[in-house]
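Tertiary structure, described
Here is how the chains run, residue by residue.
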Amino acid sequence: MTYVGALQSVQVGTPHKYGTAGATDTMERLWKTSFYRVPSAQPRWLYTTHLDGNVQANTKHHGRPGQAVLLYAAAHYPAWREELGLQEIGPGGFGENFTVDGLSEETACIGDIYAIGDARIQVTGPRYPCWKIERRWGLAGLTARVAETGRTGWYCRVLQEGMIEPGASIKLIERPYPEWTVALTNDFGHSRNKNVEAAQALAACPLLVDWWQELVVRQAIGKE
């Protein structure tokens, strides 16, 4: 196993309502979400489906086995604070469960298996930014900005349940597809790379979630 980073912070959240019923401004309308995740210092059990204490509000589009836990690079936050003028944005600000040091979309690869504490997790693909990001911070256009910068975060499935806690080392156990980084997958998914042959090769990666397999090819050939 190779040391590649550390678990800086662990966040959990449960569904709550925010906003005002009947509001005409989109940013102020009533909505229910568990996106407001807050740091927790205590050890927590990571199940194959979720992190103990974390509950998804939208189980139709979130919480699948390939989306058991969301990771986000701690290194992105200083840039966001400067660009957005939000000094309060920090761990959990993008709805992630794990804020990590040492890893980013540029270095995490599809299929990577990491050991964190007793648990074993595997990278399944990038997080595709949704409207909840800009609702969380009240900033129109932030979702598009996340996609544009590639600072999306990435999902993992849980291969082995176990106890995790902040400060734990992240060790790389296996990297079967070093050529398919999360960043490159994002480039295909957001139409920044139009190499159809490469997109088809990436789509054939059995460890990339089905939704992304379809998206990278569709975007490369220009079909919305």
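See the structure above.
Conventions adopted
- Residues numbered from 1 in each chain as written.
- Predicted model: local features only at pLDDT ≥ 70, side-chain atom pairs only at ≥ 80, totals over all residues.
- Heavy atoms only, no water.
- Buried < 20%, exposed > 50% of the residue type's maximum accessible area, 1.4 Å probe, protein only.
- Helix = DSSP H or I, 4+ residues; strand = E, 2+ residues; numbered from the N terminus.
- Pairing = 2+ DSSP bridges.
- Polar contact = N/O pair within 3.5 Å; in protein donor to acceptor, adjacent residues only side chain to side chain.
- Contact = heavy atoms within 4.5 Å.
- Arc of directions from axis to C-beta.

**A word on the pairing of strand β8 (residues 113–116)**
Side chains I113 and A115 project from β8 onto one buried face, and the interleaved Y114 and I116 project onto a second face that is buried too. Once β8 ends, the chain turns through two residues before running back antiparallel as strand β9 (residues 119–126), passing G117 with a positive phi of about 60°. Across four bridges, β8 lies against strand β12 (residues 169–174) in antiparallel orientation. Looking at the pairing, A115 lines up with K171 of β12.

**Here we look at the side chain of H190**
With respect to the helices and strands, the residue H190 is situated in the loop between α4 (182–189) and α5 (196–203). Exposure remark for H190: the relative accessible area of 16% places this residue in the buried category.

**Quick notes on the side chain of N54**
Structurally, the position occupied by N54 is in the loop between β5 (44–46) and β6 (69–73). On the basis of relative accessible area, N54 is assigned to the buried category, the value being 6%. At 3.0 Å, the side chain of N54 forms a polar contact with the backbone nitrogen of G13. One polar contact links N54 to R37, side chain to side chain, over a distance of 2.6 Å. Apart from residues lying up to four places away in sequence, N54 is in contact with Q11, V12, G13, R37 and N97.

**Structural notes on α5**
Residues of α5 that are buried: A199, L202 and A203. The buried residues of α5 occupy one face: seen down the axis, they fall within an arc of 100°. On its buried face, α5 sits against α4 and α6 (210–220). Of the residues that open α5, the one with a side-chain oxygen 3.2 Å from the backbone nitrogen of E197 is N195.

**Quick notes on the environment of A115**
Mapped onto the secondary structure, A115 falls in strand β8. Through-space distance from the C-alpha of A115 to that of T48 is 14 Å; in sequence the pair is 67 residues apart. Once residues within four sequence positions are removed from consideration, A115 is found in contact with M1, R120, S169, I170, K171 and I173.

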